[in-house]
Amino acid sequence: MRIIIFTGKGGVGKTSVAAATAVKLAKRGKRTLVLSTDAAHSLSDSLAVSIGPEPVRIGENLWGQEVNSLRETERNWGTVQGWLTKLLDKAQLKDITTDEMLVFPGMEELFSLLLIKEHAQNGNYDVLVVDCAPTGETLRLLSYPNVLNWWLEKIFPAERKLIKLVRPVAKLVNNMELPSDDVLNSIEQFARGLEEVQRVVLNPEITSVRIVLNPEKMVLAESKRSFTYLNLFGFNTDAIIVNRVLPDEAGDRFFSHWRDIQRKYEEEVVSNFRPLTILKAPMMPEEVIGLTALEQFADILYESRDPSDMFYRGRTEMIREEDGVMLLELMIPFVDKEVLDLTQAGDELTVDAGAYKRKVILPRSLMGRQVEGARYVEDRLVIRFGKRDLPDRGKDQ
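Asks: It is not clear to me how the side chain of glutamine 262 should be interpreted in this structure. Could you clarify?
Replies: With respect to the helices and strands, the residue glutamine 262 is situated in helix 9 (residues 256-273). Beyond its immediate stretch of four places on either side in the chain, glutamine 262 contacts Pro215, Arg244, Val245 and Leu246.

Printed below as a string of structure tokens:
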């Protein structure tokens, strides 16, 4: 299965591009599902077809789905919600709405992402086109499995053992309802599901991210940050889509200055994102709504290309040996080296890049080695490792 994830700053036309891509893929004979995980759905509006929380057939080889986050929360979190409800009832919390305490912030969106895994596994479609939430939310969600996996491996087993020991005593002392095995299993299943999602979306043979932008200063700056963080977390970005480019005939009178500004930022896009494939779509003379308009838009955007092709494969991590020294290179473009921070605890590295943090588990060839230094050069963080089994192994650097 091929998975194409579209992201970008709000208002750049991301949903239209995703929908048009799906329409063109369906016309090429590929069974295509376009899936919206954005809480503020606009996919139905773009397609001019009513769709809902289950895949709806729109046309030949084309299905659409707008994820109902509340429904997915109930489906994946119902057991845990039941336990939390009992706990809050016994605590007699009257000054808050119980429902507000049953789901942690951001979890509804995470449950939506689990559908990516399900569709990838059931084999009903050839291509899954994902219309994600605006950039910031998408990046935050895609980084969650890193954190949850660490918690699941390091903390969860100890908590399970502790709960089993304390549960009988807690019931005798204060009648506290500690989580049952069903509740703990539900939590673990949720975390493992997200881990599976991450495995799928990080596979460069299956999944790529496409950043949609407009040729404007703030949008370009946001897109560069997005590309930085997508690289930080290991996602393969295979194309940049420059949308709503003013055509040459708009270069007279009122729009002449805007056209000059756009040309300047178009040049920046090329210089900043090369060697990624850069696709351009003009400002259309009419609204891009409905299957016919979306197909025409896609024909202009992709021309003779197959939208399901992997337009670019870039390695975001590389291990190499240089003069007897082992080096780990992480591709992190467009970041100020002053905000980069690197810490090591045993065989786990933590890379801080501004507002985002990634934990890197060292591959076998680097296990047991301590970081001796790092430098940031040409969009790459190059980390130098010493020999194995140093006396201070495991000590934070």
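Asks: Explain the pattern of salt bridges to me, please; I cannot follow it from the model alone.
Replies: Two side chains bearing opposite charge may form a pair once their charged atoms approach each other closely. By the definition in use, this model includes 19 salt bridges. Of the charged contacts in the structure, one is a salt bridge between glutamate 222 and arginine 225, with a shortest N-O distance of 3.1 Å. With glutamate 222 and arginine 225 both in helix 8 (residues 217-232), this residue pair falls three residues apart, about one helical turn. Residue glutamate 266 pairs with lysine 280 through a salt bridge whose shortest N-O separation is 2.9 Å. Of the two residues, glutamate 266 sits in helix 9 while lysine 280 sits in strand 8 (residues 277-282), which places them 14 residues apart along the sequence. Looking at glutamate 266, the relative accessible area reads 7%, which means it is buried. Here the residues in one salt-bridge network are Asp248, Arg259, Arg263, Glu266 and Lys280, joined through shared partners.

Asks: I keep staring at the pairing of strand 7 (residues 237-245) and nothing clicks. Help me out?
Replies: It is a general feature of regular strands that their side chains alternate between the two faces of the sheet. Of all nine residues that make up strand 7, eight are buried, and the element is covered over most of its length. Bridge count between strand 6 (residues 207-213) and strand 7: five bridges; the pairing is parallel. When the sheet's bridge partners are listed, valine 209 is paired in strand 7 with threonine 237. Note that the unit made of strand 6, helix 8 and strand 7 has a crossover that is right-handed. Alignment of strand 7 against strand 8, held across five bridges, turns out to be parallel. Note that in strand 8 the partner of valine 245 across the bridge is proline 282.

Asks: Would you take a moment to explain the sheet that holds strand 9 (residues 317-322) for this structure?
Replies: Whether parallel or antiparallel, the strands of a sheet pair through hydrogen bonds between backbone atoms. Pairing within the open sheet is antiparallel, and its four strands lie in the order 9-10-15-14. For this open sheet the edge positions go to strand 9 and strand 14 (369-377), each flanked by a neighbour on one side alone. Within the sheet, the average angular offset between the axes of one strand and its neighbour, ignoring direction, is 25°. Pairing between strand 10 (residues 325-331) and strand 15 (residues 380-388): six bridges, direction antiparallel. Paired with glutamate 329 across the two strands is valine 382, which belongs to strand 15.

Asks: Just to check I follow, could you spell out the packing of helix 8 against helix 9 for this structure?
Replies: Angle between the axes and distance between the axes are the two parameters that describe a pair of packed helices. In the contact formed by helix 8 and helix 9, the axes pass within 11 Å of each other and the chain directions differ by 10°. In terms of axis orientation, helix 8 runs roughly parallel to helix 9. Taken together, the residues of helix 9 that come into contact with helix 8 (itself represented by Lys217, Leu220, Ser223, Lys224 and Phe227) are Tyr265, Glu268, Val269, Asn272 and Phe273. Of the residues in the contact of helix 8 with helix 9, the class split is five nonpolar, two polar and three charged.

Asks: I would appreciate a short explanation of helix 1 (residues 14-27) in the present structure.
Replies: Spacing of three or four residues puts side chains on the same side of an α-helix, whose turn is 3.6 residues. Between its first and last C-alpha, helix 1 extends 20 Å over 14 residues, near the 20 Å set by a 1.5 Å rise per residue. Helix 1 sits mainly inside the fold: 12 of its 14 residues count as buried. When helix 1 is considered as a whole, its buried residues turn out to be Lys14, Thr15, Val17, Ala18, Ala19, Ala20, Thr21, Ala22, Val23, Lys24, Leu25 and Ala26. Positive backbone phi, at 90°, marks glycine 29, one or two positions downstream of helix 1.

Asks: Explain the nonpolar core to me, please; I cannot follow it from the model alone.
Replies: Nonpolar side chains tend toward joint burial in soluble globular proteins. By size, the foremost hydrophobic cluster in this structure holds 89 residues, and its most contacted members are Phe6, Leu47, Ile332 and Phe385. Broken down by element, the residue count for this core peaks at eight residues, all from helix 1.

Asks: Honestly, the packing of helix 1 against helix 10 (residues 291-302) in this entry has me stumped. Any pointers?
Replies: Contact geometry for helix 1 and helix 10: axes closest at 8 Å, N-to-C directions at 90°. Regarding the angle of helix 1 to helix 10, the classification is roughly perpendicular. Contacts between helix 1 and helix 10 involve Ser16, Val17, Ala19, Ala20, Thr21, Val23, Lys24 and Lys27 from the first element and Leu291, Leu294, Glu295, Phe297, Ala298, Asp299, Leu301 and Tyr302 from the second. Here the contact of helix 1 with helix 10 is built from residues that sort into 10 nonpolar, two polar and four charged.

Asks: Help me understand the environment of leucine 25 in this model?
Replies: Locating leucine 25 in the fold gives a position in helix 1. Leucine 25 gets classed as buried once you look at its relative accessible area, which sits at 0%. Expressed as a C-alpha distance, the spacing of leucine 25 and valine 129, which sit 104 residues apart in the sequence, is 9.6 Å. If sequence neighbours within four positions are ignored, leucine 25 has contacts with Ile4, Lys30, Thr32, Val127, Val129, Asp306, Pro307 and Ser308.

Each value, and the rule that gives it
- Residues numbered from 1 in each chain as written.
- Predicted model: local features only at pLDDT ≥ 70, side-chain atom pairs only at ≥ 80, totals over all residues.
- Heavy atoms only, no water.
- Helix = DSSP H or I, 4+ residues; strand = E, 2+ residues; numbered from the N terminus.
- Contact = heavy atoms within 4.5 Å.
- Salt bridge = Lys/Arg side-chain N within 4 Å of Asp/Glu carboxyl O.
- Buried < 20%, exposed > 50% of the residue type's maximum accessible area, 1.4 Å probe, protein only.
- Pairing = 2+ DSSP bridges.
- Right-handed = clockwise from strand over helix to strand, strands pointing away.
- Axes fitted to C-alpha atoms, helices over the stretch in contact; angles between N-to-C directions.
- Parallel < 35°, antiparallel > 145°, perpendicular 65-115°, else oblique.
- Nonpolar A, V, L, I, M, F, W, Y, C, P; charged D, E, K, R; others polar.
- Expected span 1.5 Å × (residues − 1).
- Core = buried A, V, L, I, M, F, W, Y, C linked by side-chain atoms within 4.5 Å.

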